[in-house]
Amino acid sequence: MDFENVVDARRSVHEYSDEPIDQSTLREVFETATLSPSGYNLQPWEFLALREEETKTALMEAANGQEHVLEADTAVVVLGNTDPMAHAEPVFDDWLAKGYIPNEEVRSALLGNVEAMADVPEAERRVWTTRSTALAAMTLMYAARDHGVASCPMEGFDADAIVDAFDVPEGYEPVMIVTLGYPADGAADVENERKGRRPVDEVVHYESFDPSEDTRLETPDFGE
Ligand SMILES: Cc1cc2nc3c(=O)[nH]c(=O)nc-3n(C[C@H](O)[C@H](O)[C@H](O)COP(=O)(O)O)c2cc1C
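Given the structure is predicted, the values throughout are model-derived calculations rather than measurements. (Residues numbered from 1 in each chain as written. Predicted model: local features only at pLDDT ≥ 70, side-chain atom pairs only at ≥ 80, totals over all residues.)

(A) Up close: the overall build of the chain. Helix and strand counts for the chain come out as nine helices and four strands. Ordered by position from the N terminus, the helices and strands of the chain form the series α-α-β-α-α-β-α-α-α-β-α-β-α. Looking at the 224 residues of the chain, the share that counts as buried comes to 29%. (Helix = DSSP H or I, 4+ residues; strand = E, 2+ residues; numbered from the N terminus. Buried ≥ 20, exposed ≤ 12 C-beta atoms within 10 Å, placed from the backbone.)

This is the structure we're talking about:
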């Protein structure tokens, strides 16, 4: 599928069939997700992929009982590492080896920048990790759709309950759940009419930003 079609075909799907996703497809989907961009290429994401009834049930309980967590072939907890230093050394070694940075001195300066980021308050680090990790979650959903696998992003969960249920170590933040599976017959998938989107002229602001301008506070028209 080309990119426009993947984006156009994606829907949040809440009902899944029993058809399993084969392991090689799942691997390809995760591989594509790892191509996502991240701040300094630090890749703060981890994907906790749950495929067993017992683990998916535990996740469903932490996700306000949302049943598509259990129904989906795979429920993924997308975790963000709030320590920017976690992968910094190999990332900058790679930059040096590939000539993205000229020498060891620049490598040390970059490590210093990231070390300084690691010292900011936890709330800021959580925002930092959420930016990159959410992009990886989006790539995961598009990659899935490209393989005919439906998905649903979810924020309706108790992060502390997930941490408890899966012994998530300190410093990792459950950013999102993404369910993955083949849609059940008649489930909201590509053929369903898209839920309305705010018009492009309402959301794009060239050169300055004043959301009170023109029609922006009116009820958006979701027509064609
Ligand atoms: C950050 C985020 C959180 C969401 N949380 C939930 C959720 O907890 N449960 C759910 O069923 N859908 C959830 N959704 C799916 C949205 O309802 C859905 O994306 C939206 O209605 C647009 O529909 P579409 O994805 O089919 O285009 C979430 C979506 C996003 C992006």
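(B) Highlighting the pairing of strand β2 (residues 74-81). Burial runs high along β2: eight of the eight residues are buried. What you see with β2 is no split at all: Thr74, Val76, Val78 and Gly80 on one side and Ala75, Val77, Leu79 and Asn81 on the other are buried throughout. Here strand β1 (residues 45-50) runs beside β2; their pairing, made up of six bridges, is antiparallel. In the sheet register, Phe47 faces β2, and the bridge partner there is Val78. Note: β2 against strand β4 (residues 172-181), eight bridges, orientation antiparallel. By the bridge assignment, Val78 is partnered in β4 with Met176. (Pairing = 2+ DSSP bridges.)

(C) Representation of the environment of Ser17. Its place among the elements puts Ser17 in the loop between α1 (3-9) and α2 (23-33). In this structure the C-alpha to C-alpha distance between Ser17 and Ala184, which are 167 residues apart in sequence, comes to 4.2 Å.

(D) View of the site of the ligand. Neighbouring the ligand are Arg11, Ser12, His14, Gln66, Cys152, Pro153, Met154, Glu155, Gly156 and Lys195. Looking at the shell around the ligand residue by residue, the classes come out as three nonpolar, four polar and three charged. (Near = placed C-beta within 6 Å. Nonpolar A, V, L, I, M, F, W, Y, C, P; charged D, E, K, R; others polar.)

(E) Summary view of the sheet that holds strand β3 (residues 150-154). Across the sheet, four strands lie side by side as β1-β2-β4-β3; this open sheet has antiparallel pairing. With one partner strand each, in any of the chains shown, β1 and β3 form the two edges of the open sheet. The sheet shows a mean angle of 25° between the axes of neighbouring strands, taken without regard to direction. (Axes fitted to C-alpha atoms, helices over the stretch in contact; angles between N-to-C directions.)

(F) Seen up close, unusual backbone geometry. Located in the positive-phi region is Asn41, a residue other than glycine, with phi close to 60°. Looking at the element boundaries, Asn41 is found in the loop between α2 and β1. Judged by local crowding, Asn41 falls into the partly exposed class, with 14 C-beta atoms found within 10 Å. In the Ramachandran plot, Glu207 falls in the positive-phi region, its phi being about 70° despite a non-glycine side chain. Positionally, Glu207 belongs in the segment after α9 (200-203).

(G) Quick peek at the nonpolar core. In this structure, Leu59, Val78, Leu140, Ile177 and Val178 are the most contacted members of the largest nonpolar core, which totals 38 residues. When residues of this core are traced back to their parent elements, those giving at least two are α2, β1, α3 (53-62), β2, α7 (122-146), β3 and β4. Setting aside residues up to four positions removed in sequence, Leu59 forms contacts with Leu50, Val69, Ala75, Val77, Ile162 and Ile177. (Core = buried A, V, L, I, M, F, W, Y, C linked by C-beta atoms within 7 Å. Contact = placed C-beta atoms within 7 Å.)

(H) Looking closely at the pairing of β3. With respect to burial, β3 is a largely interior element, four of its five residues being buried. Where β3 and β4 come together, five bridges link them in antiparallel fashion. What sits directly across from Pro153, in β4, is Val178.

None of this, on its own, says anything about what the molecule does.
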